[in-house]
Amino acid sequence: MAFERIGGEEVWSGRLFSVHVDRFRYDDGEEAEREIVAHPGAVGVVAHDGERIYLVRQPREAVDDEAVLEIPAGKLDEEGEDVLETAKRELAEEIGKGAREWRHITTYWSSVGFTDEEVHVYLATDLYDESAEAGENERIEIETVPLERLDDVIAVCRDAKTLVGLLWLKAYGR
């Protein structure tokens, strides 16, 4: 069913996202109002050295969890920085690593019912030490997990970008 945006307004704006109330007209003439969270997008990085997967644990207050296990990731928030450069920066900031080999795994919408957030997931291999200053207010603990425990990590994971990346690694990456 085709539709067109016929109006809307930003009703709130913050550091991470903004909220819009937009109106749409469908090809049958009906109109609807939708609340949409506008987000600049994000990257996630599945990083491994052939033996271990590099993950991070950090508090995620939105879901009331003190230690969510995730792949290194971050928001596309640097003016003029392309997606791969953001992935490289986030990998260095979050786990202190760089990678000689990069592969785009997939890009997906995180939750199409209310947000336009696009998440780009990369595979990073042939790792080396790379220092970068961590982001402000980040509380990150690095955790390495042997690749043979990949199924265990997938079984307990509840973070979408991490599941997408680790399930891809299990299916296609080894």
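Below is a summary of the structure that appears in this document. Each residue is numbered by its place in its chain's sequence as written, counting from 1. Owing to the predicted nature of the model, reporting of local features is limited to residues with pLDDT of at least 70; listing and counting of side-chain atom pairs is limited to 80 or more, with chain, interface and lining totals taken over all residues. Think of the side-chain values as coming from all heavy atoms in the structure, minus any hydrogens and water.

## Here we look at the side chain of Asp-22
Then, number 1: Counting from the N terminus, the helices are DSSP H or I runs at least four residues long and the strands are E runs at least two residues long. Considering the arrangement of structural elements, one finds Asp-22 in strand β2 (residues 18–26).
Then, number 2: Exposed residues in this analysis have more than 50% of their type's maximum accessible area, buried residues have under 20%, and partly exposed residues fall in between, with area computed by a 1.4 Å probe over protein chains only. Residue classification places Asp-22 among the buried positions, given a relative accessible area of 7%.
Then, number 3: Contact criterion: two residues are considered in contact whenever any of their non-hydrogen atoms come within 4.5 Å of each other. Excluding its chain neighbours within four sequence positions, the residues that come into contact with Asp-22 are Arg-5, Gly-7, Gly-8, Glu-9, Ala-32, Glu-33, Arg-34 and Ile-36.

## Some details on the layout of surface pockets
Then, number 1: A cavity here means a set of points on a 1 Å grid, drawn over the protein atoms and nothing else, where a 1.4 Å probe fits but cannot get out; a pocket is an open set with protein on both sides within 12 Å along at least five of seven lines, and a residue lines either one if it has an atom within 4 Å of a point. Grid points are joined across faces, edges and corners, and a volume is the space filled by probe spheres set on the points. When its volume is computed, the second largest pocket comes out at roughly 350 Å³.
Then, number 2: Surrounding the second largest pocket, 15 residues form its lining, Arg-5, Phe-24, Arg-34, Ile-36 and Val-112 being those nearest its centre.
Then, number 3: Where the lining of the second largest pocket is concerned, the elements lending two or more residues are β1 (3–13), β2 and β3 (31–38).
Then, number 4: Under the scheme applied, nonpolar residues are Ala, Val, Leu, Ile, Met, Phe, Trp, Tyr, Cys and Pro; charged residues are Asp, Glu, Lys and Arg; polar residues are all the others, including Gly. When grouped by side-chain class, the residues that make up the lining of the second largest pocket number 7 nonpolar, 3 polar and 5 charged.

## Comments concerning the sheet that holds β2
Then, number 1: Read from one edge to the other, the open sheet built from 3 strands follows the order β1-β2-β3, with strand pairing classed as antiparallel. Of all strands in the sheet, those bounded by a partner on one side alone are β1 and β3. Adjacent strand axes in the sheet meet at a mean angle of 25 degrees, parallel and antiparallel pairs treated alike.
Then, number 2: We call two strands paired when DSSP finds no fewer than two bridges between them. With 9 bridges connecting them, β1 and β2 associate as antiparallel partners. Its bridge partner lying in β2, Gly-7 is registered against Arg-23. Every axis in this analysis is a line fitted to C-alpha atoms, fitted for helices over the stretch in contact. Angles between the N-to-C directions lie between 0 and 180 degrees.

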